[in-house]
Amino acid sequence: MSGIIQLLPDHVANQIAAGEVVQRPASVVKELIENAVDAKATEIKLIVKDAGKTLIQVIDNGLGMNVTDARLCFERHATSKIRHAEDLFALHTKGFRGEALASIAAVAHVELKTKQDQEELGIHIIIEGSKVITQDVAVLPKGTSFLVKNLFFNIPARRNFLKSDNIELKHIIDEFERVALAHPTISFTMISNGSEVFNLPSSNYRQRIVNIFGGKTNEKLVPVTEETEILKITGFVGKPEFAKKNRSEQFFLVNNRYIRSPFLHHAIMNAYDGLLRDNNQPSYFLFLEVPPHTIDINIHPTKTEVKFDDEQALYAILRATVKHSLGMFNVAPILDFERDANLDVPYDYKDKTLDTPTIQVDRSFNPFETENETKKYSGSSVSYAKHTQAQPHWESLYTNLKQDTFEVTATNFETDLVASTLFDDKSTESQTLLYQLNRKYIINSIKSGLLVIHQSRAHQRILYEQFLTNITIHQASSQQLLFPLELQFSREEMMYLKEIQPNLEGIGFAFEKMGFDELVISGLPAQISDTTVTEILHDLIYNLQENLPEDSFSLSDSISKFMAKSVAIKSGKYLNTIELENIVNGLFACKEPNVSPFNKPIFITLTTEDLDKRF
């Protein structure tokens with residue numbers, strides 16, 4: 001009987017490996033950019049088209065490859081990064097597994113152009129589905145150019161499961177930012193569909209953060225520095241007042257490699273304890289250096305999950321360092337009621353020498369001098385004495401007044417009978433009263449019992465239908481601002497705002513300018529104040545990031561929902577009688593008053609029978 005176990009062909013094994021390594025276009029971008037960094041490039045250029053589904057190209061000026069390396073790099077487990085198993089515990093490069101290029105070539109059309117500095121000619125290779133189509137010599141500049149076209153052309157199921165272009169482009173930008181932050185001395189450029197998204201020159205850590213996340217980021221950063229035997233920490237954390245509801249500005253870079261670590265993230269949140277509002281996330285850009293033998297990166301092909309030898313020590317050091325930096329720059333208050341804040345001495349003054357204070361004496365000062373003494377006025381040789389004059393009596397003010405008297409002959413008073421006729425009996429009937437319970441529910445008495453309304457959900461329903469109608473009909477009212485608002489957003493956030501700009505204008509926003517990282521607003525919807533517009537737009541972007549719909553109606557519906565959720569009154573807000581009546585009347589004027597935009601019940605009724613059963 002013949003054996004049933006067979007060795008898989010290379011192209012099948014490569015497709016299986018591609019399922020782990022190449023999950024979406026952003027995975028290809030990550031692998032190619034990291035290879036360019038390992039090649040000691042000083043300039044890296046990323047070009048994508050249709051969010052990487054049609055084209056991904058990475059061009060660098062690194063070392064390049066010779067003919068043998070150019071062919072061998074597409075084989076599985078072929079790498080220039082390690083030689084022995086011991087090298088896994090002393091990694092100084094991004095890649096080391098030798099699977100990325102083989103996996104990419106198995107599911108896409110790949111074109112490689114590379115040349116070493118000392119060679120006169122380079123090599124040009126075209127591969128489709130792990131099969132080499134052509135290999136020629138070519139005149140090329142120094143460095144390497146990887147061009148990946150038609151990703152997942154031979155795996156239609158994987159291609160169909162890709163998200164929209166906006167979501168895929170967001171993931172590409174995330175991978176680009178992570179590598180660009182880890183290597184500020186390298187110049188990075190990113191172009192999407194012919195337009196430049198990033199142009200990052202060589203700089204330091206702080207300037208690279210500002211170039212990626214906008215000019216206003218500079219004032220939000222607090223420096224963090226600490227060096228111990230097992231860990232060196234440099235970087236920046238954000239001030240608590242600039243915290244966001246998403247985690248888009250949280251970066252751990254260990255040995256110049258982006259990682260995810262819920263354990264270390266908990267240390268940061270612990271350091272911010274008591275400084276953040278509910279559900280807010282601080283920003284941090286922390287560069288950690290640990291000995292290579294104390295960290296294990298070979299856990300997952302994406303290499304974003306790592307294991308540390310002594311996580312408890314790293315946790316304690318990181319938490320103490322961040323807390324110290326927040327306190328050092330007077331961001332975190334110190335609970336010492338007997339301490340005078342004016343007596344605080346900055347850390348920079350610990351090594352300075354003390355100077356003897358100078359003493360100044362006013363020799364002309366006389367404490368026994370009285371105000372009644374003669375005072376000399378400058379510019380005159382005559383001395384004037386201060387005399388007090390007696391004030392006249394108050395009765396003298398009323399002398400010599402004309403005394404006119406007159407007699408009141410008749411006076412008409414409004415009788416009680418006439419006054420009572422102003423109010424008819426119908427207006428004095430008992431009216432339906434509204435009450436607010438715990439500043440969360442509205443209690444309204446009805447004929448059959450009680451009506452209990454959730455005030456926040458009711459307001460969400462009212463605003464949702466208003467916003468959706470305004471977007472659809474384009475008849476929203478906008479209140480023009482006397483002074484336009486200038487707001488700063490990251491480039492990724494600006495991409496979302498440009499995508500939904502027509503919908504926002506339908507609600508009532510008026511934009512004067514939309515740049516790469518700057519937004520100028522000249523008009524706002526009537527329901528939004530200028531003090532809350534920044535938070536509302538951040539919440540809207542956060543809610544749309546993972547589920548930006550393709551068709552226009554679904555997009556309008558989603559924007560109306562999330563805008564209504566952000567603008568609606570929250571539980572805990574006191575409402576006067578007029579506001580209560582407006583919410584109740586507005587709710588029952590809606591088309592669907594029973595449920596909120598998120599399909600949650602808005603009100604319940606308690607009939608008299610229900611109340612009788614309670615007793």
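Residues numbered from 1 in each chain as written. Predicted model: local features only at pLDDT ≥ 70, side-chain atom pairs only at ≥ 80, totals over all residues. Heavy atoms only, no water.

Engineer: Let's hear about the overall build of the protein: which residues, and what values?
Structural biologist: Counting secondary structure elements, the protein contains 17 helices and 22 strands. Relative to its full complement of 615 residues, the protein shows a buried share of 43%. For the protein, long-range pairs separated by at least 24 residues make up 67% of all intrachain contacts whose partners lie at least 6 apart in sequence. Here the protein has roughly 37300 Å² of accessible surface; of this, 51% comes from carbon and sulfur atoms. (Helix = DSSP H or I, 4+ residues; strand = E, 2+ residues; numbered from the N terminus. Buried < 20%, exposed > 50% of the residue type's maximum accessible area, 1.4 Å probe, protein only. Contact = heavy atoms within 4.5 Å. Areas by Shrake-Rupley, 256 points an atom, 1.4 Å probe, with all protein chains shown as cover.)

Engineer: Hey, could you go over the pairing of strand β1 (residues 43-49) for me, with residue numbers and the actual values?
Structural biologist: Both β1 and strand β7 (residues 187-192) contribute to a ladder of six bridges, which runs parallel. Residue Lys45 lies in a different strand from β7, and its bridge partner there is Thr189. Bridge count between β1 and strand β2 (residues 55-60): six bridges; the pairing is antiparallel. Along β2, the bridge assignment pairs Val48 with Ile56. (Pairing = 2+ DSSP bridges.)

Engineer: Report on the pattern of salt bridges, specifying residues and quantitative values.
Structural biologist: Scanning all chains against the criterion turns up ten salt bridges. Taking the shortest distance from any N to any O, the salt bridge between Glu493 and Lys244 comes out at 3.2 Å. Residue Glu493 is found in helix α12 (residues 491-499), and its partner Lys244 is found in the loop between β10 (232-238) and β11 (250-254); the two are separated by 249 residues along the sequence. By the burial criterion, Glu493 is buried, and Lys244 matches it. Residue Glu465 pairs with Arg461 through a salt bridge whose shortest N-O separation is 3.1 Å. (Salt bridge = Lys/Arg side-chain N within 4 Å of Asp/Glu carboxyl O.)

Engineer: Describe a nonpolar patch on the surface, and please don't skip the residues or the numbers.
Structural biologist: On the surface, Ile604, Leu606, Leu611 and Phe615 cluster together into a nonpolar patch covering about 430 Å² of accessible area. For Ile604, the position within the fold is in strand β22 (residues 603-607). On the accessibility criterion, Ile604 (48% relative accessible area) is partly exposed. (Patch = residues over 30% accessible without salt bridge, like charges linked within 9 Å, V, L, I, M, F, W, Y side chains within 5 Å.)

Engineer: Describe in detail the sheet that holds strand β20 (residues 510-514), supporting the description with residues and values.
Structural biologist: Strand order in this open sheet of three strands is β19-β21-β20, and the pairing throughout is antiparallel. Looking at strand neighbours, the two that pair on one side only are β19 (478-488) and β20, the edges of this open sheet. Averaged over all adjacent pairs, the angle separating strand axes in this sheet is 15°, with direction ignored. Across four bridges, the pairing between β20 and strand β21 (residues 518-525) is antiparallel. From the neighbouring strand, Phe511 faces β21, where its bridge partner is Ile521. (Axes fitted to C-alpha atoms, helices over the stretch in contact; angles between N-to-C directions.)

Engineer: Explain the packing of helix α2 (residues 25-38) against helix α6 (residues 165-182) to me, and be specific about the residues and the numbers.
Structural biologist: Two numbers describe how α2 lies on α6: the axes approach to 8 Å, and their chain directions differ by 20°. In terms of their interaxial angle, α2 and α6 are classed as roughly parallel. The two elements α2 and α6 cross, and the hand of that crossing is right-handed. Counted together, Pro25, Ala26, Val29, Lys30, Ile33, Glu34 and Val37 of α2 and Glu168, His171, Ile172, Glu175, Phe176 and Val179 of α6 form the full contact between these two elements. Taken together, the residues of the contact of α2 with α6 sort by class into eight nonpolar, one polar and four charged. (Parallel < 35°, antiparallel > 145°, perpendicular 65-115°, else oblique. Left-handed = near helix turned anticlockwise from the far one by under 90°. Nonpolar A, V, L, I, M, F, W, Y, C, P; charged D, E, K, R; others polar.)

Engineer: Kindly report on the sheet that holds strand β16 (residues 434-437), identifying the contributing residues and their values.
Structural biologist: What holds strands together in a sheet is hydrogen bonding between their backbones, with the strands either parallel or antiparallel. The strand order β16-β17-β18-β22 describes an open sheet built from four strands, whose pairing is antiparallel. The strands lining the two open edges of the sheet, one partner per strand, are β16 and β22. Neighbour-to-neighbour, the strand axes of the sheet open up by a mean angle of 25°, direction not taken into account. Across six bridges, strand β17 (residues 441-446) lies against strand β18 (residues 449-454) in antiparallel orientation. Across the sheet, residue Tyr441 finds its bridge partner in β18, namely His454. The sheet contacts of helix α11 (residues 455-473) involve β16, β17 and β18, and relative to β18 the element is tilted by about 70°. Sitting on the sheet, helix α16 (residues 577-587) touches β16, β17, β18 and β22, and the angle it makes with β16 is about 100°.

Engineer: Could you give an account of the packing of α12 against helix α14 (residues 533-544), with specific residues and numbers?
Structural biologist: Orientation of α12 relative to α14, taken along the N-to-C sense of each, is 85°, at an axis distance of 10 Å. On the basis of the axis angle, α12 is roughly perpendicular to α14. In contact with Glu493, Tyr496 and Leu497 of α12, α14 contributes Leu537, His538, Ile541 and Leu544. Broken down by class, the residue content of the contact of α12 with α14 amounts to five nonpolar, one polar and one charged.

Engineer: How would you summarise the packing of aromatic side chains if you had to cite specific residues and measurements?
Structural biologist: On inspection of all chains with the given rule, the structure shows 13 aromatic pairs. Look at Phe588 and Phe603: their rings are 5.5 Å apart centre to centre, the planes differ by 55°, and that puts the pair in the tilted class. Residue Phe588 is found in the loop between α16 and β22, and its partner Phe603 is found in strand β22; the two are separated by 15 residues along the sequence. Judged by relative accessible area, which is 40%, Phe588 ranks as partly exposed. Members of the aromatic cluster, joined through ring pairs, are Phe213, Phe251, Tyr258 and Phe285. (Phe/Tyr/Trp six-rings, centres within 6.5 Å; stacked < 30°, edge-to-face > 60°.)

Engineer: Requested: an account of the nonpolar core, with residues and values cited.
Structural biologist: Core analysis: the largest hydrophobic core is formed by 61 residues, its most contacted members being Leu32, Leu46, Phe74, Val148, Phe188 and Met190. By residue number, the principal contributor to this core is α6, which donates eight residues. Residues within four places of Met190 in sequence aside, it is in contact with Leu46, Val48, Leu169, Ile172, Ile173, Phe176, Ser195, Glu196, Val197 and Phe198. Counting 34 residues, the second-largest nonpolar core is a separate cluster that includes Leu485, Phe511, Leu524 and Val533. (Core = buried A, V, L, I, M, F, W, Y, C linked by side-chain atoms within 4.5 Å.)

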